Amino acid sequence: MEGQKGDNPLGQQAESLAGKMQEVRAEISKAIVGQGEVVDGVLIALLAGGHVLLEGAPGLGKTMLVRTLAQAVALKYSRIQFTPDLMPADVIGTGVVQENGEGRKSLGFQPGPIFTNLLLADEINRATPKTQSALLEAMQEKQVTVAHTSHQLEEPFFVMATQNPLEMEGTYPLPEAQLDRFLFKLRVPFPGREDLHDILDRTTQGSTKVVISVIDGPEIMEMRRVVRTVPVAPHVQEYVVKLVLATHPEGRENLLANKYIRYGSSPRGAQTLILGGKVRALLDGRFNVSMEDIRALLLPALRHRIILNFEAQADGRTTDDLLNEIAGKISQI
Amino acid sequence: MAARGKIKLVAPVAVPGPALFSVLKNVWNKNFGWSLKQPYTSRASHGPDFGDQSWPPELDSLMDPLVVTRRRILTNIFLRGWMKVGTWILAGLIVAGALSPKLAWAVISAGTLVAVGSVAVVILAWRARPTAYEAACRLDSAAVLHDRISTAVHLGAVENPDGMILRQRQDAVTRLAAVRPRALFPVQFPPAARRALVLAAAAAGLFVYRIHYKPPVLALLRTTARSQLVQSILSPIVHAMEKDLQRTMTLIKSNPDSPPDKVRPGQAATTDDLWKASEDQGSNPENGQQDSQEANAGDQMQDQSPSGMQGAQGEAKPSDSEQQEGGDSQSQQSSNGTDRMGGDTQQQSETPNSENSRQSLSKSLMQALKNMLSNSQSQEGNNQANQKQPNSQGMPQSGNSRQPGSGEADKKGDSRGASDAQQKATQNSSSGAGSQQGSKELKKNQRALSVNAVPDRVALESNGFKEQTRMRMDSGAGVARLPVRDVSPQAVAVTNGAEQENIPARYRWYVQHYFEHPENGQK
């Protein structure tokens, strides 16, 4: 058995992945206190090849988390502060007149800040829908098209957007197509008492910890390849399918969805659950996806893919409540 | 959001039919159903069955725990199925032992059912046996192995597995080494075992009882049928049925539309013969008894008619009833003088010779009094109608002492009363004054009497009034005041019909008389 284990490079990579991610987690924890679930969600999305939408009140460390992650994984990092007057060209780049060595002028492409590995789209809901849509192609196809010319983005390309749920004035809610392109929507909670003490100790004293890079881009890409080889049992996949179908009000037996949900999850939701489950299994030291992985990722993977109807809003129901109820009913079947 | 939180839209609580049906179906299947499938099978139905498949060598160590798990699950399925079958057989045996007089047949049928049930349970349990994949799912759930075993079993069919699958199998085997399936899946009696034990004890006790005694249910039924309570309950029903039969027979015999040529033999067809026949019948005590019974039957029928309500009302109004009694006595005497109906009860009371006629005298008197009381209201209307007709013709009011054959209606009534002797009781009850009226007039009078049954005070529904508020308006010369809302509720006693006292007396009198005499009111 040990001989087989030693002759198995994929198995070794899978085991090393968990160790590497543990190191990244430790580096992030130098700057970020607590927020374990948010950090895990960000790492899972990074290895699954998706993007993350962070939602939380100001001052909870969203921007700090993204910056620390960029340092820990040694990736190119850029930040765009989204404002109402931001234009798409400010994000993806534009054509400018360039002069070569011979003095001849030509129209050349000047890449925007999107050409990076780790993009922080701060307060993304403050930009107009036109500017928000500039991210659509980049997030899904990992390329940008300007003046009939497509420009490939460098892998890994990872977008982390933040939005403030409190200040709704002067904001433009993200369109459904944009929301669906985020792998997870993570809610950043307010830190607890112990964490708050720790934050005060770290930030109000002179000493600052330096974050070291423990992993680079190619390693992340290799990890993404390993992640996709994790097997999934049929009943686990069936559970995912049932979950996604249960969010659709068209189903005859989906009483809860019929009552409160206007639009259910897209197939991307099911893909997210399976891919995220694979990463979570590897981070947990397993080599198969379990039902617990799916249940743990249910809320961040599906909460932004479901649109509630007026009745749900009038009854004060949230997507998290409904998803938990749906999962509870499906597990009993 | 705060405003949104205040809005509470009450969604219609609708229990959809399919959902309710599925709930009932689940309850039935849980308690009485024959399905022996485990709940997890729906979850694991996509998994392959590796019963006949050769396993990869690295999964050999998975086989033993899985085989143990499958056997335990199968055993529990078999026990659960047998317990259900046994419960039904025991219940049937108890019913048969309690009802069937032959105990041997019940025992033989129970034995046959046990044999058939055993075979059926074995077949059903074998068909519901878990596959290796399903057993692995159960094992994963019971041992909290995070679907390691089921994934390894599922991937057991993969040829040339990659490194990840091999690593997963190693992980599953390593984790399963610490699991003891026998402890996780004990052979346990199902919850229905207690119920089956109770039924078995009851069946044994019943059979011991049956060795010496008869079926207890039959004995209980006989004892109950003989008991006074049941007889006291049943006897009025039997009597009522007998009376109904008698009434039906009477109605059949006394068909008023029967042609005159259907007169029974012994009855006179002409008026002179009718006198003789009545005298003969009056002198014959047997005929007198028969007539009194028929009169009783006619009275009972009349009690069911709407005019029976008038009798009760007549008791509440003594002055009216006295007047009506006077009128009735006169009219009955006149009718005896004019109609000469052979079976009249008052004529029978005037034959004091035989003992039978004495006994029937008291009965017939009582019946006559009852008839008078009950018919008082109906006869009042008839009297008034009869009194108006002579007045219009300029004749003096002589009650109902009209000459037979003076009018067409009287002719009809006289001829009918003479021809059909058995109709006398009905005619007495319907027109005790002796004025024989046609069937149409009878129906009209009955309709008017049923209208008269409405009490003069009708209790109103006070709920709506009780919750209503009154607007009190105060006005004076040169003073304008706003309406004052009087929130004090109106008293219940006031709203229960007492406010009808505010109706002017003349209007009330008019309304009462309008309903009592609709024809007059129309005029």
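Owing to the predicted nature of the structure, the values given are computational and were not obtained by experimental measurement.

Asker: Before we move on, can you summarise the overall build of chain A with the specific residues and values?
Answerer: Scanning chain A from N- to C-terminus turns up 16 helices and 11 strands. Within chain A, residue pairs in contact and separated by at least 24 positions form 75% of the contacts whose partners lie at least 6 positions apart. In the form shown here, chain A has an accessible surface area of approximately 15300 Å², with 53% of it arising from carbon and sulfur atoms.

Asker: Tell me about the overall build of chain B, and please be specific about residues and values.
Answerer: When helices and strands are counted, chain B shows 25 helices and 4 strands. Of all 523 residues assigned to chain B, the portion counted as buried reaches 33%. Restricting the contact set of chain B to residue pairs at least 6 apart, pairs at least 24 apart contribute 77%. When the accessible surface of chain B is split by element, carbon and sulfur atoms take 59% of a total near 32800 Å².

Asker: Report on the nonpolar core, specifying residues and quantitative values.
Answerer: Residue and element names in this part refer to chain A. Judged by nonpolar contacts, the single largest core of 104 residues is most densely connected at Val 24 and Leu 69. Of the residues forming this core, the biggest block, 9 residues, is contributed by helix α3 (residues 36-48). Once you skip the residues sitting within four places of it in the chain, Val 24 turns out to touch Leu 43, Leu 69, Ala 72, Val 73, Val 214 and Ile 215. By size, the runner-up hydrophobic cluster in this structure holds 24 residues, among which are Phe 82, Val 91, Ala 138 and Leu 153.

Asker: With reference to specific residues and values, describe the packing of helix α3 (residues 60-99) of chain B against helix α7 (residues 163-176) of chain B.
Answerer: Residues and elements named next belong to chain B. It is at 9 Å that the axes of α3 and α7 come closest, and there the two elements cross at 45°. On the basis of their axis angle, the class for α3 and α7 is oblique. When the axes of α3 and α7 are compared, the crossing they make is left-handed. Packed against α3, whose contacting residues are Ser 61, Leu 62 and Pro 65, the element α7 presents Ala 172, Val 173 and Leu 176 at the interface.

Asker: Which residues make up the pattern of salt bridges, and what are the values?
Answerer: Residues and elements named next belong to chain A. The tally for this structure, following the rule as stated, stands at 22 salt bridges over all chains. Residues Glu 219 and Lys 20 are paired through a salt bridge, measuring 3.5 Å at the closest nitrogen-oxygen approach. Taken together, the residues span a long stretch of sequence, with Glu 219 in helix α10 (residues 217-227) and Lys 20 in helix α2 (residues 9-31) at a distance of 199 residues. A relative accessible area of 25% means that Lys 20 is categorised as partly exposed. Notably, a salt bridge pairs Asp 198 with Arg 202, separated by 3.6 Å at the nearest N-O pair. Of the two residues, Asp 198 and Arg 202 are both situated in helix α9 (residues 193-203); the distance of 4 residues between them amounts to about one turn of the helix. Given the relative accessible area of 26%, Arg 202 is considered partly exposed. Here the salt bridges share partners, and the residues they tie into one network are Glu 55, Lys 185, Arg 187, Arg 303 and Asp 320.

Asker: Can you tell me about the pairing of strand β5 (residues 118-122) of chain A, naming the residues and giving the values?
Answerer: All names here are of chain A. Burial of β5 is extensive: 5 of the 5 residues sit out of reach of the surface. Here β5 shows two buried faces, one formed by Leu 118, Leu 120 and Asp 122 and the other by Leu 119 and Ala 121. Pairing geometry for strand β2 (residues 77-81) and β5, over 5 bridges, is parallel. Each residue of the ladder has a partner; that of Ile 80, found in β5, is Ala 121.

Asker: Explain the sheet that holds strand β1 (residues 52-55) of chain A to me, and be specific about the residues and the numbers.
Answerer: What links the strands of a sheet is backbone hydrogen bonding, and the strands pair in either a parallel or an antiparallel sense. All names here are of chain A. On the basis of which strands lie adjacent, the open sheet formed by 5 strands has the order β2-β5-β8-β1-β9 and parallel pairing. Two strands lie at the open edges of the sheet, namely β2 and β9 (184-187), each paired on one side alone. Averaged over all pairs of adjacent strands, the angle between strand axes in this sheet comes to 20°, irrespective of strand direction. In this structure, β5 lies alongside strand β8 (residues 158-163), joined through 4 bridges in parallel fashion. Paired with Leu 120 across the bridge in β8 is Met 160.

Asker: Describe a nonpolar patch on the surface, and please don't skip the residues or the numbers.
Answerer: Residue and element names in this part refer to chain B. Taken together, Leu 229, Ile 233, Leu 234, Ile 237, Val 238 and Met 241 make up a surface patch of nonpolar side chains, about 580 Å² in accessible area. Tracing the backbone through its elements, the reader meets Met 241 in helix α11 (residues 228-253). Judged by its relative accessible area of 53%, Met 241 is exposed.

Asker: Can you lay out unusual backbone geometry for me, pointing to particular residues and giving the numbers?
Answerer: A cis amide bond links Glu 155 of chain A with the next residue in sequence, Pro 156 of chain A, at an omega value of -10°. Residue position: Pro 156 of chain A is located in the loop between β7 (149-152) and β8. Look at Val 144 of chain B: it is not a glycine, yet its phi comes out positive at around 50°. For Val 144 of chain B, the position within the fold is in the loop between α5 (132-143) and α6 (148-154). Located in the positive-phi region is His 146 of chain B, a residue other than glycine, with phi close to 55°. Locating His 146 of chain B in the fold gives a position in the loop between α5 and α6.

Asker: Talk me through the side chain of Arg 303 of chain A; I want residue IDs and the actual numbers.
Answerer: Residues and elements named next belong to chain A. Mapped onto the elements of the fold, Arg 303 is located in the loop between α14 (291-302) and β11 (307-308). Given a relative accessible area of 10%, Arg 303 falls into the buried group. In terms of polar contacts, Arg 303 uses its side chain to reach the backbone carbonyl oxygen of Lys 185, at 2.6 Å. Non-local contacts of Arg 303, meaning those with residues more than four positions away in its chain, are made with Lys 185, Leu 186, Arg 187, Leu 298, Thr 319, Asp 320 and Leu 323.

Asker: Could you give me a rundown of the pairing of strand β6 (residues 143-146) of chain A, with the residues and numbers involved?
Answerer: Residues and elements named next belong to chain A. In terms of strand pairing, β6 meets β7 through 4 bridges, oriented antiparallel. Note on β7: the bridge partner recorded for Val 144 is His 151. Remark: 2 residues form the turn of the hairpin made by β6 and β7, two consecutive strands paired antiparallel; Ala 147 in that turn has positive phi of roughly 55°.

Asker: For the packing of aromatic side chains, give the residues involved together with the corresponding values.
Answerer: In total, this model carries 2 aromatic pairs over all chains according to the counting rule given. Lying across the ring of Trp 126 of chain B, Arg 129 of chain B places its NZ or CZ 4.4 Å from the centre.

Asker: How would you explain helix α4 (residues 103-127) of chain B if you had to name every residue and give the values?
Answerer: Along its 25 residues, α4 of chain B runs 36 Å from first to last C-alpha, staying within 8% of the 36 Å computed at 1.5 Å per residue. The inward-facing, buried residues of α4 of chain B contact α3 and α9 (193-212) of chain B.

Asker: Help me get a handle on the confidence of the model for chain B, residues and values and all.
Answerer: Residues and elements named next belong to chain B. Residues at a pLDDT of 70 or more form 44% of chain B, whose mean pLDDT is 63. Per-element averaging of pLDDT across chain B places helix α1 (residues 2-6) at the bottom with 38 and α6 at the top with 87. A low-confidence stretch, residues 388-438 (pLDDT under 50), is modelled with 84 contacts involving residues beyond four sequence positions or located in other chains. Low pLDDT, under 50, characterises residues 461-469; the stretch is placed with 11 contacts to residues that sit more than four places away or in other chains. Interface confidence for the predicted complex, given as ipTM, is 0.77, next to a pTM of 0.56.

Asker: Talk me through the environment of Gln 98 of chain A; I want residue IDs and the actual numbers.
Answerer: Residues and elements named next belong to chain A. Within the element layout of this structure, Gln 98 appears in strand β3 (residues 93-99). Taking C-alpha positions, Gln 98 is 5.9 Å from Gly 108, a pair spaced 10 residues apart along the chain. Apart from the residues lying within four places of it in its own chain, the contact partners of Gln 98 are Arg 104, Lys 105, Ser 106, Gly 108, Phe 109 and Gln 110.

Asker: Just give me the short version of the confidence of the model for chain A, but keep the residues and values in it.
Answerer: Scored by pLDDT, chain A comes out at a mean of 85, with 96% of its residues at no less than 70. Taken element by element, chain A is modelled with least confidence in helix α1 (residues 2-6) of chain A, mean pLDDT 47, and with most confidence in helix α13 (residues 267-283) of chain A, mean pLDDT 92.

Each value, and the rule that gives it
- Residues numbered from 1 in each chain as written.
- Chains lettered and ligands numbered in written order.
- Predicted model: local features only at pLDDT ≥ 70, side-chain atom pairs only at ≥ 80, totals over all residues.
- Heavy atoms only, no water.
- Helix = DSSP H or I, 4+ residues; strand = E, 2+ residues; numbered from the N terminus.
- Contact = heavy atoms within 4.5 Å.
- Areas by Shrake-Rupley, 256 points an atom, 1.4 Å probe, with all protein chains shown as cover.
- Buried < 20%, exposed > 50% of the residue type's maximum accessible area, 1.4 Å probe, protein only.
- Core = buried A, V, L, I, M, F, W, Y, C linked by side-chain atoms within 4.5 Å.
- Axes fitted to C-alpha atoms, helices over the stretch in contact; angles between N-to-C directions.
- Parallel < 35°, antiparallel > 145°, perpendicular 65-115°, else oblique.
- Left-handed = near helix turned anticlockwise from the far one by under 90°.
- Salt bridge = Lys/Arg side-chain N within 4 Å of Asp/Glu carboxyl O.
- Pairing = 2+ DSSP bridges.
- Patch = residues over 30% accessible without salt bridge, like charges linked within 9 Å, V, L, I, M, F, W, Y side chains within 5 Å.
- Polar contact = N/O pair within 3.5 Å; in protein donor to acceptor, adjacent residues only side chain to side chain.
- Phe/Tyr/Trp six-rings, centres within 6.5 Å; stacked < 30°, edge-to-face > 60°.
- Lys NZ or Arg CZ within 6 Å of the ring centre and 35° of its normal.
- Expected span 1.5 Å × (residues − 1).
- pLDDT = per-residue confidence, 0-100.

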